[in-house]
Structures are given as C-alpha cells and as structure tokens.
Amino acid sequence: MGIPATRGLKLGFCGKGGVGKTTLASLVVRHLAAAGKDVVAIDADPVPNLQAALGFPMDVVPRPVADLKELIEERTGAKKGGWGTFFRMNPTVADLPERLGLSRDNIRLLVMGTVDKGGSGCVCPESIVLKALVRHLLLAPDQVVVMDMEAGVEHLGRGSSAALDRLVAVVDPGQRSHVAARRIRALAADIGLAAPAVVLNNVRDPEDVARVRDSLHDFELLGHLPFDPTVARADRDGAMPYAELSLAPAALAEIVRQLVSASRPAPAPT
Ligand SMILES: Nc1ncnc2c1ncn2[C@@H]1O[C@H](COP(=O)(O)OP(=O)(O)OP(=O)(O)O)[C@@H](O)[C@H]1O
Ligand SMILES: [Mg+2]
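If you're wondering where the values come from, they're calculated on a predicted model, not measured in any experiment. (Residues numbered from 1 in each chain as written. Chains lettered and ligands numbered in written order. Predicted model: local features only at pLDDT ≥ 70, side-chain atom pairs only at ≥ 80, totals over all residues.)

Some remarks on the packing of helix α1 (residues 21–34) against helix α10 (residues 249–260)
Link 1 in the chain: Across the interface, α1 lies against α10 with an axial gap of 10 Å and an inter-helix angle of 75 degrees. In terms of their interaxial angle, α1 and α10 are classed as roughly perpendicular. The residues of α10 that touch α1, namely those facing L27, V28, H31 and L32, are L252, V256 and L259.
Link 2 in the chain: By residue class, the composition of the contact of α1 with α10 is six nonpolar, one polar and no charged. (Axes fitted to C-alpha atoms, helices over the stretch in contact; angles between N-to-C directions. Helix = DSSP H or I, 4+ residues; strand = E, 2+ residues; numbered from the N terminus. Parallel < 35°, antiparallel > 145°, perpendicular 65-115°, else oblique. Contact = placed C-beta atoms within 7 Å. Nonpolar A, V, L, I, M, F, W, Y, C, P; charged D, E, K, R; others polar.)

So, the pairing of strand β1 (residues 9–14)
Link 1 in the chain: Burial of β1 is extensive: six of the six residues sit out of reach of the surface.
Link 2 in the chain: Burial along β1 is two-sided: the residues L9, L11 and F13 and K10, G12 and C14 are all buried.
Link 3 in the chain: In this sheet, strand β6 (residues 166–171) lies alongside β1 in parallel orientation, the contact comprising four bridges. From the neighbouring strand, F13 faces β6, where its bridge partner is V168. (Buried ≥ 20, exposed ≤ 12 C-beta atoms within 10 Å, placed from the backbone. Pairing = 2+ DSSP bridges.)

Some points on the pairing of strand β5 (residues 144–148)
One face of the sheet, then the other: side chains in a regular strand alternate in exactly this way.
Link 1 in the chain: Burial runs high along β5: five of the five residues are buried.
Link 2 in the chain: Of the two faces of β5, the one carrying V144, V146 and D148 and the one carrying V145 and M147 are both buried.
Link 3 in the chain: Direction of pairing for β1 relative to β5: parallel, over a ladder of five bridges. When the bridges of β5 are listed, G12 appears paired with M147.
Link 4 in the chain: Where strand β2 (residues 39–43) meets β5, five bridges bridge the pair, whose relative direction is parallel. The partner of A41 across the bridge, within β5, is V146.

Some points on the site of ligand 1
Link 1 in the chain: Lining the immediate surroundings of ligand 1 are 17 residues, of which G17, G20, T22, T23 and D235 lie closest.
Link 2 in the chain: Looking at the shell around ligand 1, the elements that each hand over two or more residues are α1, β7 (197–203) and α9 (229–237).
Link 3 in the chain: Classifying every residue of the shell around ligand 1 gives five nonpolar, eight polar and four charged. (Near = placed C-beta within 6 Å.)

As for unusual backbone geometry
Link 1 in the chain: With a phi close to 70 degrees, N106 is a non-glycine residue in the positive phi region.
Link 2 in the chain: The residue N106 is located in the loop between β3 (102–104) and β4 (107–111) in this model.
Link 3 in the chain: For N106, a count of 16 C-beta atoms within 10 Å corresponds to the partly exposed category.

Remarks on the sheet that holds β1
Link 1 in the chain: The strand order across the open sheet built from eight strands is β3-β4-β2-β5-β1-β6-β7-β8, with neighbouring strands paired in mixed fashion. Each of the sheet's edge strands pairs with one partner strand only, and the pair in question is β3 and β8 (221–226). Taking each pair of neighbouring strands and ignoring which way they run, the sheet shows an average axis angle of 20 degrees.
Link 2 in the chain: Packed on one face of the sheet, helix α5 (residues 125–139) meets β1, β2 and β5 and runs near 155 degrees to β2.
Link 3 in the chain: In this fold helix α8 (residues 206–215) packs onto β6, β7 and β8, with an angle of close to 150 degrees to the strand it touches most, β7.

Topic: the nonpolar core
General note: in soluble globular proteins, nonpolar side chains tend to be found buried as a group.
Link 1 in the chain: Formed by 73 residues in total, the largest nonpolar core has its most connected members in V28, V29, A41 and I42.
Link 2 in the chain: Of all the elements, α5 adds the most residues to this core, at nine residues. (Core = buried A, V, L, I, M, F, W, Y, C linked by C-beta atoms within 7 Å.)

Here is the structure:
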C-alpha cells in the first residue's frame, strides 16, 4: 500500500455515538503512519479521546484549541471580556499545528475542542480559528489528514469541504447508526460534499453484514470489522488498540487501500 509521495489524503470519520469512529480513525492513522506517512490526526469531537486511542501517553493532555482564549484573541483581534463586535475572519494559523500538536511516530495530534453554542451557523472567534485551522490543513496539498468527527460535519465549512477526499460514516449493525449515516449524507450534501462511504464495525454475526448491505444498499460499503473483545478491553485498560486488533488486519488494510485510492490532488487554495 502506498500513497504517491507528493499526494496528500484527507479523510473524515463520522457516525452515531459509540459506533467506533475514534477506534477506526485511530487504526487508520496508525496504519498510514506505519506506512511512513506523516499524518495529522484531528480530534474534532467535543469529547476528545483520540489521544488515548492512538496510544499517546496521557501525562500531557493538551488544552483543546477552542479553549485557548488568549490565542484566539491574539489571532482574531477579538477583545477581552466579551468578544466585541469586530474580529479578523482570516486569522493566521499556519504555525498552530506545530505549536499546539502532540507528536509521536509520524503522527501529529491536534485537539480542536468545541464551540459552546451556535452550531454550524456560529460566527464567533473560536469557530473562526477552528475553521481556519481545519481549512489550512485540508488545503495543504501533500498533507495526510485524518479527522475524528462527531455525527455532524460542522467543522467543515463549504470552503474546506471540497478538499476532503473521503467522508466515512461508521455504522454498526444497529438501525439507528444507519439513520445517522443517512442524516450525515444529507448534511454533507448541504455543504457540497459527496456521499459518505460506510464502514461497518462491531460485526458479531456474518448475517450482520448481509443485513447492512441491504439496509444501506445505496451507500458504498468499504468493508467491515469484527467485534473484538480485545479492542474493548484495550480501551477499558487504557491500552492502544492497534496491536490488539488481531482479528482484522486484512480487513483494515483493505479499507485503508480503498481510502488511499480516493487520494487526489487537493484543489488550489482560494
Ligand atoms: N470492533 C470493535 N470491537 C470491540 N470493541 C470496539 C470495536 N470498535 C470500538 N469498540 C469499543 O467501543 C467503544 C466505543 O468506540 P469508539 O470510542 O471508537 O466509538 P466512537 O464512535 O468514537 O464514540 P463517541 O461517539 O463516544 O466518540 C470503545 O470502548 C471501543 O474500544
Ligand atoms: Mg469518538
């Protein structure tokens, strides 16, 4: 498996709560890093836990970017004690991945945090900085970026969404995760993104795969991963799941191969 050296790859993982987004994103990050790629892993979940899933030591836990009030004030010019009315919409962010990220084994982890209210329509200094940062990373042509997202796609404005090679909706055998995949597809379409591809996680029974193929017949299914008690145990014990996912290396490699084949030259920055 290999991505051409001059090509980046931009992936986003989303899906219903608890389906395995973080697990799958971390496995893909580690797989790409082990293949020699420098990967930026973005934890864009309001409750960040990609750090643990990636096996980074937990003695240093970075503050999420959204919580760095002083930095946000400095970059946007927003005033202290109430954000004031005016702030820069195009803050400088190029230095932030290096400054704020944690690094290990070809992986740079960035924890974005969350903006309290407002959702996708929020125009506040925090969301301006987060969006600018995501956009900066997604538009870097040679960069490999993997985003662990929540159910929605709010971190992706229209400007940066075009740079995403693949949105992946993780589902499990449960119907509610399929409803979530459909909702994600609708949200993605709203911002001009292609339909997500699907990865089925937590398969306990071969019939699960047939049922999901049927239920999500109008989605592209990239592959499926078994329920593996060692993965759940690794999370419980705070250990890294990668080495433990002994049942599925071939399935994972095939999923990564398909994701890598989505790689294409990034659009020119606007
Ligand atoms: N294939 C698997 N086999 C066994 N356990 C798994 C598997 N995938 C995920 N898990 C476990 O299920 C739990 C939820 O997984 P994970 O945190 O990856 O889901 P998530 O979608 O990111 O959740 P959240 O919505 O809370 O962010 C974790 O304890 C994880 O270790
Ligand atoms: Mg998660």
